[in-house]
Amino acid sequence: MSKGVIYIMTSVVPGLIKIGKTMSSNYEQRMYNLEHDGYRNVTGLKRRFAIEVDKYDDKEALLHKIFEKSRVSDTELFAIDVNDAVQLLSSFDGTVVFPKTEAKEEIFVDAADSSKSKLIPNGTYFFEREKLSENKVIKASAVIDNGRWILLKDSIFGIKEQPGVGQKAKAVRASLPLDSNGKLLEDVELGECSPSFVGVVLMNQAVNGWLYWKNDKGQLVDIYRKKSKEK
């Protein structure tokens, strides 16, 4: 039974991704070549998700067939939401190769939620919630631009870790320029993610961000999910 890696990469072109395959033994070299040399004149390729599966030839062909209408000519490039592709591929049986620090179930849920966050219009949004374990109020503001989140300077973060913080959120928090009181010292771009993921990064505990992030009218961002369901 043939086993290999199916991978998804984002590109310098927003909304254009690559879905490809390679032998397990060649994965790292393939990623190095693509990230440095590009593919079909498309540069800025970055690995987003990779999984080792049985019958990888057949499964890659299935993915290409599913997304055929969004395919760019006779290439492995597709004009689709990367979260949709990650959600589908992460549902396959197999072993996650990238990112190694996240469980497959966590990746699936995060991709599904991030896809829904594209429903939120561009603008500035606000978060406020009391964190009882620290007896402080966590407050933040962020700009959303085409699904990409930028946390703004002077946002206040929780310090003590509580249950529900995944490896991806921990990695993001470790890179943040925070002072000893949890104040953000400069604007930070988080990229495409969901209100809940950003809420977890802020609180350092599990939180449903759809029920705490608000627009400049004081409305919860959850209204955008509800409006989508009503259509």
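Residues numbered from 1 in each chain as written. Predicted model: local features only at pLDDT ≥ 70, side-chain atom pairs only at ≥ 80, totals over all residues. Heavy atoms only, no water.

## Section: the sheet that holds strand β9 (residues 188-192)
Note the following rule: Any two strands with at least two DSSP-identified bridges between them are counted as paired. Numbering of helices and strands starts at the N terminus; helices are DSSP runs of H or I of at least 4 residues and strands are runs of E of at least 2. Orientation is described by axes fitted as lines to C-alpha atoms, over the contacting stretch for helices, and by angles from 0 to 180 degrees between their N-to-C directions.
The antiparallel open sheet is built from 4 strands, whose spatial order is β6-β7-β8-β9. Each edge of the open sheet carries a strand with a single partner, namely β6 (123-131) and β9. Between one strand axis and the next, the sheet turns through 25° on average, direction left out of account. By the bridge criterion, 4 bridges tie strand β7 (residues 136-145) to strand β8 (residues 148-151) in an arrangement that is antiparallel. Among the inter-strand pairings, I144 is bridged to a residue of β8, identified as W149.

## Focus on helix α3 (residues 82-89)
Heads up, the rule is: Think of it in three bands: residues with accessible area under 20% of the maximum for their type are buried, residues over 50% are exposed, and the middle band is partly exposed, with areas taken using a 1.4 Å probe on protein chains only. Directions from the helix axis toward the C-beta atoms define the arc. Pairs of N or O atoms within 3.5 Å make up the polar contacts considered here, provided that, within protein, one atom can donate a hydrogen while the other can accept it, and that residues adjacent in sequence are counted only when both atoms are side-chain atoms.
When α3 is considered as a whole, its buried residues turn out to be V82, N83, A85, V86 and L89. Buried residues of α3, seen end-on, are gathered within an arc of 160° and therefore sit on one face of the element. At the N-terminal end of α3, a side-chain oxygen is found 2.9 Å from the backbone nitrogen of N83, two or three residues along, and the residue is D81.

## A closer look at the packing of aromatic side chains
Using the following cut-off: Put simply, two rings from Phe, Tyr or Trp (the six-membered ring, in Trp's case) pair if the centres are within 6.5 Å, and we call them stacked under 30 degrees between planes, edge-to-face over 60, tilted for the rest. Definition used: whenever NZ (Lys) or CZ (Arg) falls within 6 Å of the ring centre and also within 35 degrees of the ring normal, the charge is taken to sit over that ring.
According to the stated counting rule, one finds 4 aromatic pairs in the structure shown. Residues F67 and F78 carry aromatic rings whose centres are separated by 6.5 Å and whose planes lie at 65° to one another, so their mutual orientation is edge-to-face. Of this pair, F67 sits in the loop between α2 (56-66) and β4 (77-79) while F78 sits in strand β4, and the two are 11 residues apart along the sequence. Take F78: its relative accessible area is 0%, and that puts it in the buried class. Aromatic rings pair up to connect F127, W149, Y212 and W213 into one cluster. Over the aromatic face of F98 sits the side chain of R47, whose NZ or CZ is 5.7 Å from the ring centroid. K168 extends its terminal NZ or CZ atom over the ring of F197, reaching a point 5.0 Å from the ring centre.

## Considerations on the nonpolar core
Test applied: Nonpolar cores were defined as sets of buried Ala, Val, Leu, Ile, Met, Phe, Trp, Tyr and Cys residues, with membership established by side-chain atoms within 4.5 Å. By the convention used here, residues are in contact when the closest approach between their heavy atoms is within 4.5 Å.
Counting 29 residues, the largest nonpolar core has I120, W149, L151, L190, V198, L202 and W213 as its most contacted members. Among the secondary structure elements, those contributing two or more residues to this core are β6, β7, β8, α5 (167-175), β9 and α6 (195-203). A total of 6 residues in this core trace back to one element, the largest contributor, which is α6. In this view, L190 contacts W149, L151, V172 and V198; residues no more than four positions away in its chain are not counted. By size, the runner-up hydrophobic cluster in this structure holds 20 residues, among which are I19, F78, V86 and A111.

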